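Working through the structure, step by step
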Amino acid sequence: MTATAVHTDRLGPLLHRITGDEKHAPSAHSTLDVLWVLYDRVLRITPETVDAPDRDRFLLSKGHGPAAYYAVLAAKGFFPESWLDDLAGWDSPLGHHPDRVTVPGVEVGTGSLGHGLGLGVGMALGLRAQGFARTRVFVLVGDAELDEGSNHEAIAYAAATCLPITAIVIDNQSSTHGWPGGIAARFPGWDVAIVDGRDRNKLERVLSPRHDRPNLVVATVERKGS
Amino acid sequence: MRETFVAATTALLDEDPRTALVLADISAEAFAPARRRHPDRVLNVGIREQLMTGVAGGLALTGLRPYVHSYAPFAVDRAYEQLKLDLGHQDAGAVVVTIGGSYDGSAEGYTHQSPGDVALLGTLDGWTVHVPGHHDEVPAMLREAARHDDRVYVRLSVQENSQAYPDGGRLRVLRRGGPLVVAVGPMLDPVLEATAGLDVTVAYTNTPRPLDADGLRALTEGEVVMVEPYLAGTSAAAVSSALEGRPHRVTHLGVGRTEIRRYGSWQDHARAHGLDAAGLRKSIVDFLG
């Protein structure tokens, strides 16, 4: 059995330790496989390198329902698994929306929708200005989160300036009015891949290669509420 | 002040590789030489103020020191949640430099005016607010801000005093007498004219946040007149807190809440809001009795 499989099997029990945010369970679990593939196979970041200036950056813009995020970070040793047992408690660093100031490994505090891509664009620009050419920036966005206009500011600017940044949109069809033409139509000028958000090997295949321009990965999962 | 800001920030970008500038088209032409020299650190995101502030947060999180610039109604009013979340909540900082506060954009109309910018920032934690009264006060503020990572607001205006006080952070006494009149930034000249011949103390500051509470307590005998170039009462909580437990009487003069649907010059609007020398004198005399 590979080390990867061992860790993967542990995610289920870790997720079950997180209670109290059931309202957001569908959005939490929709991200599980993407997050695992990122932290297990793609990102150059470990608990030892959380402050390294050239570490890869992962920004969870879709800050609601972070159970899968917390489970993956705990499984990877960014913080003790025992933290999962007191979600949003008075003494808990883990809230229903993650806070970068209290949770090791969390790059941005999010919750209010539509902030991650703008911050990610700024990080990509800041890393480039400092010569960190190897460092990659990934931002995870929900499909309904694309309804926020601030995302469109970031999407258009990244395309116009050929900024290397990867946006991953979890598509569980949760946007109230949907997106005529599909999500990819909202990202003109970006490289696009649409994959099964539950197929870890395919996710790895689209997330691993470097792009020298903006890159969109639409990870399709089961419809919210289904 | 805008020209001084462009020159000082251009020099900072040349000297300090940690500094960066984010624009949303406003003043982009003036910064073209800086952008040619530092294309990776002088960024124009187009007419996208939410992104401008988000980018500043991202730059700061990688260790750079971002300067952000636009009209106050766009940089503060429009992008308020980005200031709150992409900077404050991330524990990140930036230097936000605005033009077009209050009625500087008198001919443009209310869409280009922001009398409430300092009040909005007053709802957020940790902002230092500079309101220079003269363009020679601007460079020191910008240079000092490059040396740390805190959140700084610099409010540039077209109205200026005849004399600069580059050390105007603390309350600086310009005239000694009876009740205290505090003039913030460009309100100093009209206040000095308004109080000519009156038995008052006139103090000046170009840094209303944090308000010099020690100075205010030391200079206040019982009556205070606050004269600010933005929304009247913006500093009411700060003054009240500084004088807590002491008997005092205070009046807050500034821009009124009611939109004045007229164009004209900033001088016309100053008069309409009672912030010209004659209007101020009347309010101050009425208050002091």
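Residues numbered from 1 in each chain as written. Chains lettered and ligands numbered in written order. Predicted model: local features only at pLDDT ≥ 70, side-chain atom pairs only at ≥ 80, totals over all residues. Heavy atoms only, no water.

For chain A, the name recorded in an unreviewed UniProt entry is Transketolase, with Paractinoplanes brasiliensis as its organism.

The next thing to look at is the interface of chain A and chain B. Across the contact, 25 residues belong to chain A and 24 residues belong to chain B. Taking both partners together, chain A and chain B bury about 2100 Å²; carbon and sulfur atoms supply 59% of that area. Looking at the side of chain A facing chain B, the largest losses of area belong to His-115, Glu-153 and Tyr-157 of chain A, adding up to 28% of the total buried there. In this structure, the salt-bridge partner of Asp-40 of chain B is Arg-128 of chain A, at a minimum N-O distance of 3.9 Å. Inspection of the chain A/chain B interface yields nine residue pairs in polar contact (both at pLDDT 80 or more). (Contact = heavy atoms within 4.5 Å. Buried area = accessible area lost by both parts, 1.4 Å probe. Salt bridge = Lys/Arg side-chain N within 4 Å of Asp/Glu carboxyl O. Polar contact = N/O pair within 3.5 Å; in protein donor to acceptor, adjacent residues only side chain to side chain.)

Attention now moves to unusual backbone geometry. That bond from Arg-209 of chain B to Pro-210 of chain B is cis: its omega, -10°, falls within 30 degrees of zero. Examined against the element boundaries, Pro-210 of chain B turns out to sit in the loop between strand S9 (201-205) and helix H9 (213-219). Of note, Ala-88 of chain A is a non-glycine position whose phi angle comes to about 65°, a positive value. With respect to the element layout, Ala-88 of chain A can be found in the loop between helix H4 (67-75) and helix H5 (116-129). When its relative accessible area of 44% is taken as the criterion, Ala-88 of chain A is described as partly exposed. (Helix = DSSP H or I, 4+ residues; strand = E, 2+ residues; numbered from the N terminus. Buried < 20%, exposed > 50% of the residue type's maximum accessible area, 1.4 Å probe, protein only.)

Our focus in this paragraph is the pairing of strand S3 (residues 65-71) of chain B. All names here are of chain B. The element S3 is extensively covered by neighbouring structure, given that seven of its seven residues are classed as buried. Sheet topology note: the strand S1 (residues 19-23)/S3 ladder contains five bridges and is parallel. Note on S3: the bridge partner recorded for Leu-21 is Tyr-67. (Pairing = 2+ DSSP bridges.)

Residues and elements named next belong to chain B. With respect to burial, S9 is a largely interior element, five of its five residues being buried. Residues Thr-201, Ala-203 and Thr-205 line one face of S9 and the alternating positions Val-202 and Tyr-204 line the opposite face, and both faces are buried. By the bridge criterion, three bridges tie strand S7 (residues 172-175) to S9 in an arrangement that is antiparallel. By the bridge assignment for S9, Arg-175 is matched with Val-202.

Residue and element names in this part refer to chain A. The end-to-end C-alpha distance of H5, which contains 14 residues, comes to 20 Å, matching closely the 20 Å that a straight helix rising 1.5 Å per residue would cover. Of all 14 residues that make up H5, 12 are buried, and the element is covered over most of its length. For H5, the set of buried residues is Gly-116, Leu-117, Gly-118, Leu-119, Gly-120, Val-121, Gly-122, Met-123, Ala-124, Leu-125, Gly-126 and Leu-127. The positive-phi residue at the C-terminal boundary of H5 is Gly-131, with phi of around 80°. (Expected span 1.5 Å × (residues − 1).)

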